[in-house]
Structure formats: structure tokens, C-alpha cells
Amino acid sequence: MAIAEDYNFESLNIISGNLEVRLAENSLEIDAAQALRYKVFFEEMQAIPSTKQKKSKRDIDEFDHYFDHLLVVDHNKPGKVHDKVVGTYRLNGGSHKDKENFFYTAEEYDLSKLIALDGNILELGRSCVDLKYRNGKTMQLLWAFIAQYVVKYNIEIMFGCASFPGIEVEKHKSALAYLNKKYLAPAHIRPVAVKSRYIKMKDDELISDSNFKKFISSIPPLVKGYIRLGAFVGDGAVIDYDFNTTDI
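Being a predicted model, the structure only gives us computed values, none of them experimental. (Residues numbered from 1 in each chain as written. Predicted model: local features only at pLDDT ≥ 70, side-chain atom pairs only at ≥ 80, totals over all residues. Heavy atoms only, no water.)

K.L.:
What is the right way to read the pairing of strand E2 (residues 13–16) from this model?
P.N.:
In regular strands, side chains alternate between the two faces of the sheet. Two strands pair when backbone bridges link them, and E2 and strand E3 (residues 19–23) are joined in this way by three bridges, in the antiparallel orientation. Each bridged residue has a counterpart across the sheet, and for Ile14 the counterpart in E3 is Val21. Here E2 folds back onto E3, and the loop between the two strands holds two residues, one of which, Gly17, carries a positive phi near 60°. (Pairing = 2+ DSSP bridges. Helix = DSSP H or I, 4+ residues; strand = E, 2+ residues; numbered from the N terminus.)

Okay, here's the thing in C-alpha cells:
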């Protein structure tokens, strides 16, 4: 069943009932996305804010300037734009991929093989949805929009960090080992965790072909969605202490 009732390819928006998915058009709408990110990552998921973030109650960083900010807007919610934005994603089209420290993911992974590709690349990140809207429809709308974006800008590879909750790697070692064994990216495009933060994922003793159901039930919904879309993983995991996550 199609989710979107109205596609406008030129302006890149999708409307389904009371929900609209589109890019932020001004600084106020970007601020609304940052407010939602703060609510989800820092208030709900217990990430550790900087002094600036805590004071502003916004998830802000130096990378926001380079990204397109994808919004899910509920037009039925009363109030101003900050009340209506219920989902967001950051999309970095790589138009300045020769710039040092341009990609957020580069803080955790060596992206040199991806950056060296001739085709267009897209970095995804900061995916979050308000608790009341965490359902299949909202995520399908987000991905339907990203599919439009990929086609319009001729994107060949998408990449970005995805997270397991918490920093206790032992809790996720079976899932990480399975990912490394079954979904490791081809060598010519494979990101590798930066040496100072590298956490080993490989452990053949934990892998058997019969434990796929156990694996798929043990990974976060976003990682599960990526795997079902045909994603690969890089070499090594990384602990993000500020966000209280184990990243791949």
C-alpha cells in the first residue's frame, strides 16, 4: 500500500494525511529540528549535553551548517512550528567532500575510500522521531522522502553512524559479530573505525547460520531497517560516551 498521497518531486515533499515530509526552509525550522533532537537524545536517551546545548535545550553542532534538515510536520498539532515538527533526519550531500572535517562520521571512521569515489555520496545522521509518532508509517515516510532525494541528486552510496544503546559493548558482542561476519562492506568502500577508538567486532565463535532470528531481534529498529534495505557495516565499532551509545 502506498504511503504517500501526494508527491511533488520538484519541491521534494510528501504529504500523507496530516503529515508532511520536507526539508527545513529556514533557520526557525532547523531550530525546531534541533529542539526535537535535544528532547529525544538528551532528555529521553540520556546523552550528555555540552554547556551550550544544555542552556539552549538544542542539539547543535558545527556540522548542522552543511546538512539539509529533513522534517516530519504534523499539521494537525496546535501551536507553532516547534510544536509541529515530530521527526527529523540530517542529510549531507557531500558537495564539499574535499573539506577537512566535513563529515560528522569522520570523527569515528576513516572515510577515505568513500570520499575517493567518483559518484555522489550522502551522509545520513541524527535520525529521531517523537515518541508518540514512532511507528511504521512515520519511518516509511522518512525513507520515501530520502528515496526521492537520492534519485534527484543521483546519490550512489549512503552512509552514516547507527547506534546500539549504551556503552557496554559486551551486551552487543553477538550482534556485532554477526554484522561483521554477514554484512561487512566490500573492501573498496569499507570505512574503518579510527585507530584510537576501534572496538573489535569480529568473533567467529559467536556466529552460526541458524541464529539470524536471534540476531534480528537483538538490534535496534534503525539498524534493522538499514539491514533490510541491504546495508553493509564498516570495520570496527566505536563507543560514543557523550551520546551513551555504541556506534557502527
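So much for the structure itself; the text now carries on.
K.L.:
Sorry if this is basic, but what is going on with the nonpolar core here?
P.N.:
One recurring pattern in soluble globular proteins: nonpolar side chains tend to sit buried together. Counting residues in each nonpolar core, the largest one holds 57 residues, and the members touching the most others are Leu70, Tyr89, Leu91, Phe145, Leu179 and Ile248. Of all the elements, helix H5 (residues 136–152) adds the most residues to this core, at eight residues. (Core = buried A, V, L, I, M, F, W, Y, C linked by side-chain atoms within 4.5 Å. Buried < 20%, exposed > 50% of the residue type's maximum accessible area, 1.4 Å probe, protein only.)

K.L.:
How do you make sense of the pattern of salt bridges when you look at a structure like this?
P.N.:
When the charged atoms of two side chains with opposite charge come close together, those side chains can pair. Per the stated rule, a full pass over the model turns up 14 salt bridges. Salt-bridge contacts for Arg22 lead to Glu20; the nearest nitrogen and oxygen are separated by 3.7 Å. Note on Glu20: relative accessible area 11%, which makes it buried. Where Asp64 meets Arg37, a salt bridge forms, and the shortest distance between an N and an O atom there is 3.1 Å. With Asp64 in the loop between helix H2 (51–56) and strand E4 (68–74) and Arg37 in helix H1 (residues 27–44), this residue pair connects regions lying 27 residues apart in the sequence. (Salt bridge = Lys/Arg side-chain N within 4 Å of Asp/Glu carboxyl O.)

None of this, on its own, says anything about what the molecule does.
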